[in-house]
Amino acid sequence: MTQLNSRTKKIAIVAITLALVLGGGGIAFAYWTSSGTGTGVATTGTSTGLTVTSSAPTGSALSPGGPTQTVAFSVNNPGTGSQAVTSVVVSVASAGGAAWTAIPGCSASDYSLGTPTITYGTIAGGGSLLGSVTVTMVALGTDQDACQGVTVPLYFVAS
Amino acid sequence: MVLAIGSLSSSSAAAYWSSPAGSGAGVASTGVLSPPSDVTVPASSGSSVTVGWTASAGVLPVEGYYVTRNDGAVTVAACSTSPTSLISAGPCTDTVATAGTFVYTVTAVYRTWAASASSGTVTVVIAPYGGLDLGAAASFSALGSAVTSGGPTTLRGDVGSSPGVAVTGFPPAATSGTIYAGGATADSAKTAFTNAYADALTRVPTTHFAGDQNGSTFAPGVHQTGGAFALTGTMVLDGGGDPGAIFIFQVDAALNTAAGSTIQLINGASPENVFWQVNGAAGTGANSTFEGTILANGAITIGAGGTLIGRALAVDAITLASNTIRFTEVP
């Protein structure tokens, strides 16, 4: 008897909900999670991962305690649906975010990155958000000759 | 169910994906500190090596430079510089104590960066015990701004005054040389004395000493004291069997010997090869025996009855009192 009552209630809730939507014609707010996909009724695109591209740095070449360089970047939405961007993290790292060890005696600790400048929000399909990040070289007080002339790899992660 | 609700809604929906993380790469560029250029040294040099260079080019403001010298095996600091004691520009002069062939390296410093460039080789030839060239002053037994003698002083060489013209006490003093009371000869001799004094200052000390040298024995070399020289008894200069053995004493203050004191020359040491550079006044005691050429940046007083086997060359006045001044041990 109890099971019957519970099932009856669920059916009732569904029916009521459908009736409200179909009959009311009011505003509905739909939200997709990042891993979500449509289930038959969806006609929107798939959730394609963001990409980040960057420009050549501007400003004088880095030196210990010296000038600041600015690197402009673009967070791109290659998909067709809008995507929200709430975070951009930049680090001195090799491809894929691996630790940068290519130059003996020079590492990520020799450099400092500013907080990325970007207005977070939603990127329409095919659109992009622009931002920038600053880079300086830290004067550590120890020999940093190994960093002379080095191209510093930056790794961007947008989500 | 929610999806179904959304898709079925007839009105527009503000739909967006919560974006999967995406990544990308970028770069920043690090500058370079330019090294100095054209680091030059002479092909050969005495103990004072002049090192020149052209300042670093580039945009970074170099804080300074330090210089090192390498003999093919060991690198040492040069030009009184170090990574923490920089000089703003070249050239600099490095004093080398030993002969050899060297390469100099000049390093520019900017904060924690350094950039270096090296010179060609310089062959340093040092005669560490080479005597001083007295030039036109060599013929003088006494040369100062004035010469005053009391009593029957006897001198073997010339007597001169420059820039003054006062030579007094002759007779009863007498010399086998010529008296130049001012004049071109005395002036030339004074210039030669000045040059010899300057040369003495450049000699690299081989030993340092201080205090009363009574009882001391010196080997040939350049012996330096930062204070006054005193002798209350006997000191010995041992030539080690070399008749060409040179002794140069650098005294950075006054020189004084006591009455009756003696300098003994043994084993080939010769008074013509003994030099005293005195940065002040020099005075020998009564009835003392002093050996060598005194070059004083002040006055010289030879004590009454004292003997000087050598010369008295002074910037200021020379005062004698019944002395014997000759060039050699044998009268």
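All values derive from a computational prediction rather than experimental measurement. Every chain is numbered on its own, with residues counted from 1 as its sequence reads. All chains are assigned letters beginning with A, and all ligands numbers beginning with 1, in the order in which they are written. Owing to the predicted nature of the model, reporting of local features is limited to residues with pLDDT of at least 70; listing and counting of side-chain atom pairs is limited to 80 or more, with chain, interface and lining totals taken over all residues.

Caption draft 1: Highlighting the overall build of chain B. Numbering of helices and strands runs from the N terminus; a helix is a DSSP stretch of H or I covering at least four residues, while a strand is a stretch of E covering at least two. The helix and strand tally for chain B stands at 2 helices and 31 strands. In chain B, buried positions account for 42% of the 331 residues. We call two residues in contact when their backbone-placed C-beta atoms lie within 7 Å. Considering only intrachain contacts with a sequence separation of at least 6, the fraction spanning at least 24 residues in chain B is 54%. With C-beta atoms placed from the backbone, a residue counts as buried when 20 or more other C-beta atoms lie within 10 Å of its own, as exposed when 12 or fewer do, and as partly exposed for counts between those limits.

Caption draft 2: Focus on the overall build of chain A. Each helix and strand in chain A was counted, giving 1 helix and 9 strands. Start at the N end of chain A and walk to the C end: the helices and strands fall as α-β-β-β-β-β-β-β-β-β. Evaluated residue by residue, chain A yields a buried proportion of 26% over its 159 residues.

Caption draft 3: Examining the sheet that holds strand β3 (residues 37–40) of chain B more closely. All names here are of chain B. As summarised here, the arrangement of the 3 strands in space is β3-β5-β8, forming an open sheet in which the pairing is antiparallel. Bordering the open sheet on either side are β3 and β8 (92–95), each of which pairs with just one other strand. The sheet shows a mean angle of 20° between the axes of neighbouring strands, taken without regard to direction. By the convention used here, strands pair only if DSSP detects at least 2 bridges between them. Here strand β5 (residues 48–54) pairs with β8 via 4 bridges, running antiparallel. Each residue of the ladder has a partner; that of Thr50, found in β8, is Thr93. Interaxial angles span 0 to 180 degrees and are taken between N-to-C directions of axes, which are lines fitted to C-alpha atoms, for helices over the stretch in contact.

Caption draft 4: Structural detail: the sheet that holds strand β7 (residues 75–78) of chain B. Residue and element names in this part refer to chain B. One open sheet accounts for 5 strands, arranged β4-β10-β9-β6-β7; its pairing is mixed. In this open sheet, the two strands that pair with only one neighbour each are β4 (44–45) and β7. Two strands pair when backbone bridges link them, and strand β9 (residues 100–110) and strand β10 (residues 113–124) are joined in this way by 10 bridges, in the antiparallel orientation. By the bridge assignment, Val103 is partnered in β10 with Thr121.

Caption draft 5: Structural detail: the nonpolar core. Ala142, Leu295 and Ala312 of chain B are the most contacted members of the largest nonpolar core, which has 55 residues in total. Once you skip the residues sitting within four places of it in the chain, Leu295 of chain B turns out to touch Phe193, Ala196, Tyr197, Ala200, Phe275, Trp276, Gln277, Val278 and Leu313 of chain B. By convention the nonpolar core is taken to be a set of buried residues drawn from Ala, Val, Leu, Ile, Met, Phe, Trp, Tyr and Cys and joined through C-beta atoms within 7 Å.

Caption draft 6: The pairing of strand β22 (residues 247–251) of chain B, seen in detail. Residues and elements named next belong to chain B. Counting buried positions over the 5 residues of β22 gives 5, a clear majority of the element. In this sheet, β22 lies alongside strand β19 (residues 221–225) in parallel orientation, the contact comprising 5 bridges. Paired with Thr225 across the strands is Val251, a residue of β22.

Caption draft 7: How the structure looks around the environment of Ala61 of chain A. Here Ala61 of chain A shows up in the loop between β1 (51–54) and β2 (69–76). Sequence-distant contacts of Ala61 of chain A, that is, excluding residues within four places in its chain, are made with Ser29, Thr30 and Gly31 of chain B.

Caption draft 8: Spatial organisation of the environment of Ile325 of chain B. Residues and elements named next belong to chain B. Relative to the helices and strands, Ile325 resides in strand β31 (residues 324–326). A residue is classified by how many C-beta atoms lie within 10 Å of it, and Ile325, with 27 of them, is buried. The contact partners of Ile325, leaving out residues within four places of it in the chain, are Ser141, Ala142, Leu155, Arg156, Leu308 and Ala312.

Caption draft 9: Highlighting the confidence of the model for chain A. Mean pLDDT over chain A stands at 78; residues scoring 70 or higher make up 70%. Confidence of the predictor at the level of single residues is given by pLDDT, which spans 0 to 100. This stretch, residues 1–44 of chain A, has a pLDDT under 50; its non-local contacts, to residues over four places away or in other chains, come to 37 contacts.

Caption draft 10: Local environment of unusual backbone geometry. Residues and elements named next belong to chain B. Note the cis peptide between Phe170 and Pro171, where omega equals -15°. Positionally, Pro171 belongs in the loop between β13 (158–168) and β14 (174–175). At the junction of Pro171 and Pro172, the peptide bond is cis and its omega measures out at 15° in the coordinates. Mapped onto the fold, Pro172 is located in the loop between β13 and β14. Unlike most non-glycine residues, Asn267 shows phi in positive territory, near 55°. Looking at the element boundaries, Asn267 is found in the loop between β24 (262–266) and β25 (274–278). If you check the backbone angles, Asn287 has positive phi at about 60° while not being a glycine. In this structure, Asn287 sits in the loop between β26 (282–284) and β27 (289–296). Judged by C-beta crowding, with 16 C-beta atoms within 10 Å, Asn287 ranks as partly exposed.

Caption draft 11: Just the environment of Ala73 of chain B, in detail. For Ala73 of chain B, the location among the structural elements is in the loop between β6 (64–70) and β7. Residue Ala73 of chain B is classed as exposed on the basis of its C-beta count, with 5 C-beta atoms lying within 10 Å.

Caption draft 12: Molecular detail of the confidence of the model for chain B. The predicted model of chain B has a mean per-residue pLDDT of 90, with 92% of residues at 70 or higher. Across residues 1–13 of chain B the pLDDT falls below 50, and counting only partners more than four positions away or on other chains, this stretch makes 23 contacts in the model.

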